[in-house]
Every structure is written in C-alpha cells, then in structure tokens.
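Read off the chains here:
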Amino acid sequence: MNILVCMKQVLDPEVPARDFRIDAARKEAERGSASLVTNIFCENALETALQFRPEGSRITVLSYGAASAEETLRKALAMKADAAALVVREDDAPPSDPLHAARVLAASVRSLGGFDLILTGREAGDWGAGQTGALLAEELGLPCIAFADSLSLDGGKLRIRRQTESGWELFEAETPVVVTITNDEHNVPRIPKVRDVILAHRQPLTQFTAVELGVPEMNDYYEVAELFIPKKESRCELVAGDTLEQKVDQLARKLVEVTASL
Amino acid sequence: MSIVTIHFGFDRAAEGLLGAARRLGDELHAVVIGDGAHDVARYADRVTALAMDYHPEACLGALVPLCAGARAILLANDTYSQELAPRLAYRLGGSAVGDGVAIDEQLRVTRQVYGGKAQAVIALKRTPGVAWLRARSFAPAPMRDTSAEITTVTPPNIEAKTRIIERRKETQTEAKLEDARVIVSGGRGIGGPEGFANELQPLAQLLGAQMAASRAACDAGWVPPTWQVGQTGKKVAPDLYLAIAITGASQHMAGISEAKNIAAINIDPDAPIFRHARFGIVEDYRKVVPLLREKLANMK
Ligand SMILES: Cc1cc2nc3c(=O)[nH]c(=O)nc-3n(C[C@H](O)[C@H](O)[C@H](O)COP(=O)(O)OP(=O)(O)OC[C@H]3O[C@@H](n4cnc5c(N)ncnc54)[C@H](O)[C@@H]3O)c2cc1C
Ligand SMILES: Nc1ncnc2c1ncn2[C@@H]1O[C@H](COP(=O)(O)O)[C@@H](O)[C@H]1O
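Residues numbered from 1 in each chain as written. Chains lettered and ligands numbered in written order. Predicted model: local features only at pLDDT ≥ 70, side-chain atom pairs only at ≥ 80, totals over all residues. Heavy atoms only, no water.

Student: Go over the site of ligand 1 with me, naming the residues and quoting the values.
Tutor: Inspection of the region around ligand 1 gives 29 residues, with B:Arg188, B:Ser214, B:Val229, B:Thr247 and B:Asn266 positioned closest. Per-site note: the chains with residues close to ligand 1 are chains A and B. Residue B:Tyr285 places a main-chain N or O atom 2.9 Å away from a nitrogen atom belonging to ligand 1. Considered on its own, ligand 1 offers 980 Å² of accessible surface; in the complex 85% of this is hidden by protein. Of all the secondary-structure elements, those providing two or more residues to the shell around ligand 1 are α1 (40–52) of chain A together with α6 (215–219), α7 (250–253) and α8 (285–299) of chain B. Here the shell around ligand 1 is composed, by residue class, of 10 nonpolar, 13 polar and 6 charged. (Near = heavy atom within 4 Å. Polar contact = N/O pair within 3.5 Å; in protein donor to acceptor, adjacent residues only side chain to side chain. Areas by Shrake-Rupley, 256 points an atom, 1.4 Å probe, with all protein chains shown as cover. Helix = DSSP H or I, 4+ residues; strand = E, 2+ residues; numbered from the N terminus. Nonpolar A, V, L, I, M, F, W, Y, C, P; charged D, E, K, R; others polar.)

Structure below.
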C-alpha cells in the first residue's frame, strides 16, 4: 500500500502562556526563543501509519513549509518513514489559510502520484484550523473519514476506527481515501533511535515549490482580522490551615459551597 | 438569503445554535438529521428533516442542495459537524471556520488559536460562510408561538466508497459530559488507572460529578478517549471543575474556559492551573482525596 502522511511544522505549543507574544502587525505569533516542532497530530498520524504498514507498503511524508520544515521530515524518516518531500515556502510568507495549504498538498499528491491512503492530523497546534485534511479530500475528489485512531486490514479490506464524542465507529473503506488522525493510547509517537536520526540525515529529500506545482500564493479562503491575547483575571485562594486535616476541611467546605448553590 | 443550521438531534447545543443563527437575522432554515425535528421547529422558520443515518458522504450529498443560496451555515462542534463543515463549504464555493465562541453579523468568527494562548477574529472571504461553533455557550433563540412546518426528505441512496460497519457507545452515563454541572478531572499525576478507579471515582460519586481527564491521562490508556477535555477534547461548562494532578496547559484550559468555578489539587505550587483556579490546595492528591472523601461523606 502506498501511504502518504502530511506533516506540518509548528511553533512549539508547549511555550508557556507567560512567554507567548504576538506580532500585532503581521497577525502572527512571535517566534521568540521558542523552538519549532512537528505538530503532535501529524506524529500521531505517522505512528498510526507505521503500526499499520501492511507488507510491501511504502510511507512517504510530505510537508509544505519554510526550509526549517526539513527537520520535521528528517525526524519522520528517523521514525522510519521511507521517503520525504518538502514543498518549500519562503520564510516570511504570510500564514497560509487551510484551502491554500490543501491546494498545495493536492498538487503535490498529483505530482508524486499513486497514493492509496492519505493521512493528516486532525488539526495543527498553531492555528488549529482543523480543515486541511477535509479540504485536501475535496481537492482530490476523495472520501474522507475524520478523527480516526487506528487502521487495520480485514480480508484485504481497509478498516478505519474513528472516535466520536460517545464512543467509536468502524468504517470499511475502498482506497484511495483521506483519513484525519486523532490521538489515543496506541498512537503515541515513538522516539527515534539515535542511529536512525543520523541515518535520516543522509536520506534523499525531494524538494519543490508551490509555483513549480502551478499553485499560486493566494489566500482567498479566510483572513485573520484580529489577533490578541485575552486578559484573564484569576485569584486563586489556597486553602489555609496548620495541618493537612484543617486544609482539607476548608477544601471540603468550599466544594460543598459551590456545589450546594446548584 | 437564508441562514441554515444543521442539527444531529435536539439538545442544549441545538438550542444555542438556533440562538446564534436567529441573531444573524434572515430566514432561519434548520436541517435535522435524526430525531428532534419537532423540537427544532419551535425555534426555526422552516425545518427539513433528513430521514437518514449519518454517513459523511451521504450527508454531504443530501446537504448540498438544501444549503444552496444560504448566506451562512451554522453547525455545532460535535464529531459529525466538524467532519462535514469544511467539505460542505468547499462544495458550495464558500469558506469555513471552526470552534467559534462568537459570531457577528458580518460572519466574523472569534476563536481560540495557539492552544488557547491567543484569540483571533477570522473573516471569511467567500459565501456561504460556514461556521461550527461552541454552540452550548450561545444563548438560545426565543421560542415561536406556532411550530414551523417540517418537510421530511428521504435522500436517494448513494454509492459510497466508505461504509460504517459498527458503532459503539462508551460513555459513563446517559448524561453528556458537556452538560455535567460538576466534573472531577484527573491528569498524568494520578499515576495510573487505579488512582482514577479507587480515588477519583468515589470522590466523583460523593459530589454527584462526572469524570474527565487530560490528554496525558487518556494517551496513557488509563481512561477512555471520550473523557478527554480540552482544545481537542470536549468543551465543558460545569459549575465546578475539580482538576486533580493536572498542570493546566493552555490546551487543556481551552476546554474549560466556560467553567464557572475551577478548583485544583496539585503538588506543585507553580502549576499554571493555580492561575486559573478559584481555590485549591497544594498537596499530594493521594493524601488529600481520601481525607476529602471522609469529610464530604460526614457533611452529607
Ligand atoms: C495540538 C495540541 C492539542 C492538545 N489538546 C489537548 C486537550 O484537548 N486536552 C488536554 O488535556 N491536553 C491537550 N494537549 C496536551 C497539553 O499540552 C498537555 O500536554 C496536557 O494537558 C498535560 O496533561 P497533564 O496536565 O495531565 O500532565 P502533566 O503536564 O504531566 O502534569 C501532571 C501534573 O500533576 C501534578 N502531580 C503529579 N503528581 C501529583 C500528585 N501526587 N498529587 C497532585 N498533583 C500531582 C504535577 O505537579 C503536574 O502539574 C494538547 C497539546 C497539543 C500540542
Ligand atoms: N503546511 C502543511 N504541510 C503539511 N501538512 C499540513 C500543512 N498544513 C496542514 N497540514 C495537515 O493538515 C492537518 C490539519 O491542519 P489544520 O487544518 O491546519 O489544522 C495537519 O495535522 C497536517 O497533517
């Protein structure tokens, strides 16, 4: 099976709120001293693909991003993806809207050719649009299943389990199909071995640009009208007391107070 | 031009969605998939009941003609709505935006970004504007004197390349976590499934609470994924959210921004959760919770 995993590099989502700043003019987050990391759901998607990987499969990873996104792809190769392609974008390009990203990814899919299964993350940890996978499916005219957490084969048929708010649904799908991946206990991304990290740096990386693919830099889907950091007021009252017993007693009283008024 | 709302049954989210749509003006056409058309008809101007089971491709096929000519299409933030919204926008030549906490008449949608560390107002460039909203936090629409007319449509069967072969429910109770008034939630610091079962569960029972968890606790496999609260989990709005051994990462807080009271039990005084909580205790939960249960039982 020919599998593609779309991976996005994002500003580290673990930057604590107190260090997070925005560039009001560009309506973007300030990079500051934060690192760039692979979006967690893209790693969940790759992990799902690696565990599924039927015999003779090939897993390609694809990213559209600045030159630094090469790191995301190298890490994916170290996790044991087979091939990688980068659609390079200028460093100072404005943030792309999800339709533009989907168009670029769709053009890449056509250019690389022949995928049976295309995986994306459910959403990216930066702007959290949660749309690119669905729009990519539309661009390619393929069916799409969202929020999946595992893939399997049953008598040669592809089975996709996806989460719902009350449980799960099992799909049977013909290929090609686009699937967006969410987290669960089984697709926590593996840590690549040091040796594989070194080897990954010697592997070839296909590179092209959106213009070469014939996709103009155009954001005609939506725009960011405002970006701001909301003010949050908070005064936490820590329960007082000389002993644990006294403190817990205070806590119990407060809990009863707020629940009794219900 | 009309506003279309799409519902999968009738609940608090449907009420909020109808409220949001009503405040945009224009004729309100509600499309209901599954039960609930009669309830929705008390708020909308026109109701179409789609007689079908949920299937993404089939629903899209049925919704596209019903949404033709709409100015805006609003959905809630459940699984099915999130799955359909971008694709529906695409097929109608429109734009979509999700997880909105506010929407104005120009269809500018306010939403959290960067894991809840910032907020953005997104302006849609194409028509129709499709938005999925945190519908439960919107005020309901006024009820009509007479119910709107309901047209039932049975969509033709389509040749779908995907098929749902099994559906499972794995919820704690019939009541939805989203509607819970008290929630006891545990994080990675709980240390294992035993902590949830032996410490948190009995505490939740005493408080009449439902249980929830952080992503870390779900990813560890200690509790099911349906318990996850946060940016990519459930958005809850209880009167009390008791966070036990949860750091309070922005992505977790993004799911409880509507909670009225947050209380925290955490061993680390510098945990960000204390910057959001109204009250709390800095202690090992394993010492606090057994004692707390005793106190609460005595106070009953
Ligand atoms: C794109 C994206 C989406 C995400 N979506 C979500 C989401 O929807 N929901 C979510 O929860 N997270 C989400 N996350 C993950 C989030 O960033 C945090 O990693 C996660 O919430 C941490 O979970 P935690 O607080 O349980 O674990 P930790 O950060 O490991 O915190 C454990 C806490 O327990 C405390 N503790 C330890 N032992 C004890 C003890 N004995 N007694 C008392 N306290 C103790 C510690 O002091 C610490 O504060 C997302 C991340 C990304 C990047
Ligand atoms: N620039 C990109 N390059 C590769 N994949 C992307 C890109 N943007 C989005 N995706 C994919 O789409 C998913 C959802 O992203 P988003 O719609 O931005 O929330 C991500 O997890 C990726 O799998």
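Student: Lay out the site of ligand 2 with the relevant residues and their values.
Tutor: All names here are of chain A. Neighbouring residues of ligand 2: 18 residues in total, closest Cys6, Tyr64, Ala124, Gly130 and Thr132. Contact between ligand 2 and Ala129: an oxygen atom at 3.3 Å from a main-chain N or O atom of the residue. A distance of 2.6 Å is found between an oxygen atom of ligand 2 and a side-chain nitrogen or oxygen belonging to Thr132. When isolated, ligand 2 has an accessible area of 480 Å², and the protein chains bury 97% of it. Taken together, the residues of the shell around ligand 2 break down into 8 nonpolar, 8 polar and 2 charged.

Student: Describe the pattern of salt bridges, and please don't skip the residues or the numbers.
Tutor: A complete count under the given rule lists 42 salt bridges over all chains for this structure. The partner of A:Lys247 in a salt bridge is B:Glu283, and the shortest N-O contact between them spans 4.0 Å. Linking A:Lys247 in helix α6 (residues 244–260) with B:Glu283 in the loop between β15 (279–282) and α8, this pair reaches from one chain into another. The pair A:Lys247 / B:Glu283 is uniform in exposure class, with both members buried. Ionic pairing is found between B:Asp11 and B:Arg136, a salt bridge with its closest N-O pair at 3.5 Å. Pair noted here: B:Asp11 is in the loop between β1 (2–7) and α1 (12–22) and B:Arg136 is in the loop between β8 (129–133) and β9 (149–153), with a separation of 125 residues, a long-range link. Through salt bridges with shared partners, one network takes in A:Glu138, B:Glu57, B:Arg87 and B:Arg91. (Salt bridge = Lys/Arg side-chain N within 4 Å of Asp/Glu carboxyl O. Buried < 20%, exposed > 50% of the residue type's maximum accessible area, 1.4 Å probe, protein only.)

Student: Got a sec to walk through the interface of chain B and chain A? Specific residues and values, please.
Tutor: Taken residue by residue, the interface counts 86 residues in chain B and 85 residues in chain A. Counting each side, the surface lost to burial between chain B and chain A is near 7,600 Å², with a carbon and sulfur contribution of 59%. Interface area lost by chain B to chain A is led by B:Tyr90, B:Tyr114 and B:Lys117, which between them contribute 11%. At the surface where chain B touches chain A, the tally comes to 10 salt bridges. Here A:Glu226 ties to B:Arg108 by a salt bridge, and the two come within 3.3 Å at their closest N and O atoms. There are 45 residue pairs in polar contact (both at pLDDT 80 or more) connecting chain B and chain A. (Contact = heavy atoms within 4.5 Å. Buried area = accessible area lost by both parts, 1.4 Å probe.)

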